[in-house]
Amino acid sequence: MQNSGYEGPEGFVEFERRGGEKEDVAPVGPRCYGTGVYCSFRRGYSFLMQKLRTIFSQYIFVLLLLCSPATLRAQAANPLPHIVQKDGHYALFVDGAPYLILGAQANNSSGWPSMLPKVWPAVEYLHANTLEIPVYWEQFEPEPWHFDCSIVDTLLAQARQHQMHLILLWFGTWKNGSSHYMPLWMKRSPEKYPRMIGPDGRAVDSPSPFSETTLRADINAFSALMRHLKSADPEHTVLMVQVENEPGTWGCVRDYSPAAQRVFESPVPTQLLTALRMSATPGGTWHQVFGEEADVFFHAWAVARYIEQVAAAGKAIYPLPLYVNAALRNPFETGHEHNYETGGATDNVIPVWKATAPSIDLLAPDIYMEGSDEYLKVLDLYHRPDNALFVPETGHTPAYSRYFFAALGHQTIGFSPFGIDYTKYANDPIGATELNEKLLEPFAINYKLVAPMQREIARLNFEGKLQAVVEKQGIPEDSLDFGPWQVKVSYGLGQFGPGNHPPGNPQPIGRAFVAELGPNAFLVSGFFCRVDFQPSDGASGKQREYLRVEEGTYENGKFRAIRIWNGDQTDWGLNFASVPQVVRVSLETY
Ligand code: DGJ
């Protein structure tokens, strides 16, 4: 008798036969061990045939149920989180309205139940609304095709208890350019799940994006994760999923394995050339088309093509927003130095990624550059008409805290310092030697201020009404243009007295945002700065008058005034120090 079976990640798998029975049975399907949940399907083929008619009629019933007005109404009332673009502005819609991710990412090895008690207090101290936390392939699929969803279930349950959303980080084929999170059964078969080969013929510590077996295994595992989320998370606790982590390769520009080399010497896919609007003659090889950048573009395409297939499979099951995070190169780099992680979504290859991985909703920069020139440049590079800005990782030392405002000023959908837990792991020098409340304070005041009004801020940004500035070393003043009004933001003045020569803060920690609520009406906030409005047509001799400045709080999305600022509190402009305060301002000229 001919063998029957299916092509699994481990190659051809024969159908199991029950003891002695001559009956073909379907393959052991993806199993998921959850907390008290054990889902597997093993159905006899002939049994299925016999039951086909019954199942068919049940499907019709289920279909009718799915299309019933009540179900459609429920789905409309509880839509999946999704990214919306309108007039060049982006928002993450959660429960049908723009949502701002006030994120915190835990350390790499903190996504274990034993560590969670050290995670939640730090995240809560920050006033975050979303925890970013990894799901490890090695834990999730300890044996081929056996999926352990117990930790995902724990995360879901605890996030709900803590009234927190989650962004899950799929530590799959790539983690920081390597494949260290592959399950043991894969690591033990490097010939089957190969690493890249360098130009000298030696293996490189990075998975080959040309390995079909690895790709199929990742598709399988990621699909199981998304399938589980679909059934276990009707509340949409999980807002987005990051596919892989900083994919690409350090120290070797691309894969030189025979399989990769064959493709490298073949014509560049026409679809890519068209998407890049390149006038190169079709049929040109990578080197002929891209010259000195051929290796970099080729690797970006290879990694993006791989990840697209993983993402598309997961999205077909459960269409949550998916993103890829990037280890950056120097944003001012224009040369051909390959001193960064190639293959990832670095700024120079964003168009390659966009063209090759359409199932990825956004490409997100991990920003570990303390200097304001670099930081702001990165925000510019990733805030594009074809890309919603999201900062999924950034440093947690105090200097980074002001960049939350810079990201807001670039219409970000979210922001997240990295390494937020009390496990006492210090990623100094890109982070602090010890993470504690004092160190987190500058971030905590940001989120404390914005958390009650995050929906309002997300909406204003989606409508293009919000602008923000952050203090740059040696530059004590900024300005914002709101048409008839110019807004001057000064740093280091104190809260009282004239402000002709602002000295700047001893450290550049100032930040402010201003959002237009209507004609001559603004929402204003900041830290360590003075904000003042002047009419744009100052030459006409007109002066500004604060008609009313109300400080307030947001409750259930509505502004509630708690007092009126006047006298010292407005005579010298609107002064913000370390206290989270927000004011609504109405202006007039005289
Ligand atoms: C960036 C990575 O994406 C994170 O997982 C982590 O390794 C940091 N670098 C360093 O702490």
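Residues numbered from 1 in each chain as written. Predicted model: local features only at pLDDT ≥ 70, side-chain atom pairs only at ≥ 80, totals over all residues. Heavy atoms only, no water.

Caption draft 1: Expanded view of the site of the ligand. Taken together, the neighbourhood of the ligand is formed by Asn 108, Lys 175, Asn 176, Asn 245, Glu 246, Asn 325, Asp 366, Tyr 368, Glu 393, Phe 418, Asn 427 and Ile 430. Here an oxygen atom of the ligand sits 2.9 Å away from a polar atom, N or O, in the side chain of Asn 108. Residue Asn 427 places a side-chain N or O atom 3.1 Å away from an oxygen atom belonging to the ligand. Considering the ligand on its own, with 300 Å² of exposed area, one finds that the protein chains cover 86% of that surface. Its residues placed into classes, the shell around the ligand shows 3 nonpolar, 5 polar and 4 charged. (Near = heavy atom within 4 Å. Polar contact = N/O pair within 3.5 Å; in protein donor to acceptor, adjacent residues only side chain to side chain. Areas by Shrake-Rupley, 256 points an atom, 1.4 Å probe, with all protein chains shown as cover. Nonpolar A, V, L, I, M, F, W, Y, C, P; charged D, E, K, R; others polar.)

Caption draft 2: Molecular detail of the sheet that holds strand E6 (residues 89-94). Pairing in this open sheet of 3 strands is antiparallel, and the strands run E5-E6-E7 from one edge to the other. Edge positions in the open sheet fall to strand E5 (82-86) and strand E7 (97-99), since each of these has one partner strand only. Pairs of neighbouring strands in the sheet enclose a mean axial angle of 55 degrees, with direction left out of account. As paired elements, E5 and E6 share 5 bridges and run antiparallel to each other. Along E6, the bridge assignment pairs Gln 85 with Tyr 90. Here helix H16 (residues 454-462) sits on the sheet and contacts E5, E6 and E7; the angle it forms with E7, its principal contact strand, is near 105 degrees. (Pairing = 2+ DSSP bridges. Helix = DSSP H or I, 4+ residues; strand = E, 2+ residues; numbered from the N terminus. Axes fitted to C-alpha atoms, helices over the stretch in contact; angles between N-to-C directions. Contact = heavy atoms within 4.5 Å.)

Caption draft 3: The packing of aromatic side chains, seen in detail. Under the defined criterion, the tally for this structure stands at 34 aromatic pairs. Here Phe 210 and Phe 298 contribute two aromatic rings whose centre-to-centre distance is 5.6 Å and whose plane-to-plane angle is 20 degrees, an arrangement assigned as stacked. Remark: Phe 298 occurs in helix H11 (residues 294-317) and Phe 210 occurs in the loop between strand E13 (203-207) and helix H7 (212-232); sequence separation between them is 88 residues. As far as burial versus exposure is concerned, Phe 210 and Phe 298 are alike and both buried. Considering the side-chain rings of Tyr 375 and Tyr 403, the 3.9 Å spacing of their centres and the 10 degrees angle between planes classify their relative orientation as stacked. Here Tyr 375, found in helix H13 (residues 372-382), pairs with Tyr 403, found in helix H14 (residues 403-409); they are 28 residues apart in sequence, far enough to count as distant. With respect to burial, Tyr 375 and Tyr 403 carry one shared label: buried. Each member of the aromatic cluster is reached from another via a ring pair, and the members are Phe 210, Phe 264, Trp 286, Phe 290, Phe 297, Phe 298 and Trp 301. Just above the ring of Phe 559 sits the side chain of Arg 584; from NZ or CZ to the centre is 4.9 Å. (Phe/Tyr/Trp six-rings, centres within 6.5 Å; stacked < 30°, edge-to-face > 60°. Buried < 20%, exposed > 50% of the residue type's maximum accessible area, 1.4 Å probe, protein only. Lys NZ or Arg CZ within 6 Å of the ring centre and 35° of its normal.)

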